[in-house]
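# Coordinate inspection notes
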Amino acid sequence: MWPGPYGDWGSRKYLMASLHQSLKRMKLDYVDIFYHHRPDPNTPLEETMVALRDIVHQGKACYVGLSNYPPDLAQKAAALLRAMGTPCLIHQPKYSMLVRTPEEGLLDVLQAEGIGAIAFSPLAQGLLTNKYLGGIPADSRASKEHFLKSDMITAELMEKIDRLNNLAIQRGQTLAQMAIAWLLKDERVSSVLVGARNSEQLVDSLKALDRLDFTADELALIDAILKYN
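Described below are features of the structure shown in this document.

About the criteria used
- Residues numbered from 1 in each chain as written.
- Predicted model: local features only at pLDDT ≥ 70, side-chain atom pairs only at ≥ 80, totals over all residues.
- Heavy atoms only, no water.
- Phe/Tyr/Trp six-rings, centres within 6.5 Å; stacked < 30°, edge-to-face > 60°.
- Helix = DSSP H or I, 4+ residues; strand = E, 2+ residues; numbered from the N terminus.
- Salt bridge = Lys/Arg side-chain N within 4 Å of Asp/Glu carboxyl O.
- Buried < 20%, exposed > 50% of the residue type's maximum accessible area, 1.4 Å probe, protein only.

### Here's the deal with the packing of aromatic side chains
The final tally for this structure, using the stated rule, is 1 aromatic pair. Ring geometry for Tyr95 against Trp182: centres 5.8 Å apart, planes inclined by 65°, an arrangement best described as edge-to-face. A residue pair is termed long-range when its members are at least 10 positions apart, and Tyr95 in the loop between strand 3 (88–92) and helix 4 (106–113) and Trp182 in helix 6 (residues 175–184) qualify at 87 residues.

If you want it as structure tokens, here you go:
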């Protein structure tokens, strides 16, 4: 939010001040969900959770959400919030066919705690679309060298993307639709954040709901393509 002490991470000072600034900018009295987006290694977890509890009790947010918490800290945070009468509603992990980290314990924790999961970057910043099949477009994220770097788009990766695209075509979907459907097939995933840049992208993403089923062979092929078995 700002440089210097308490300008980031998870202290009470930062959480309170950043929310107040956001509410002022948005001209709102409260938000529906207030997320804490990553655990703070330099602030006790209790301080962060008490601040989130107080934000809800003060009426500045209706519910608490977490993001990017590993399984052990997610479980501890959930227990603290529940004990204070402000249960965590949802967790926002980075999750896609290319980023499978939530499968390493987090989704099981969320299911056990009764916390929803809403995946962000489900299309891996555009990699799980047909955007890069013909090279790097001039207006793409990779061309701007931001979070997605051009050197990440290797020949090996694009061969995998091409094979996934062929499977999507066989299923009667675009690659993006299949990537979203693949996430939603898991009952532990409540929703996905599609991050559409325009209405056409949003409409295309919504069509993923038309085909959420996968055969065992299709799932096995996806894992084999991505070498996740």
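### A few points about the pattern of salt bridges
With the rule as written, the count across this model stands at 10 salt bridges. Salt-bridge contacts for Arg12 lead to Asp54; the nearest nitrogen and oxygen are separated by 2.7 Å. With Arg12 in helix 1 (residues 12–26) and Asp54 in helix 2 (residues 45–57), the pair connects residues that are 42 residues apart, well separated along the chain. Given a relative accessible area of 32%, Arg12 falls into the partly exposed group. In this structure, the salt-bridge partner of Glu113 is Arg82, at a minimum N-O distance of 2.6 Å. Here the residue Glu113 occupies a position in helix 4, and Arg82 occupies one in helix 3 (residues 71–83), the gap between them amounting to 31 residues. Its relative accessible area of 44% is what places Arg82 among the partly exposed residues.

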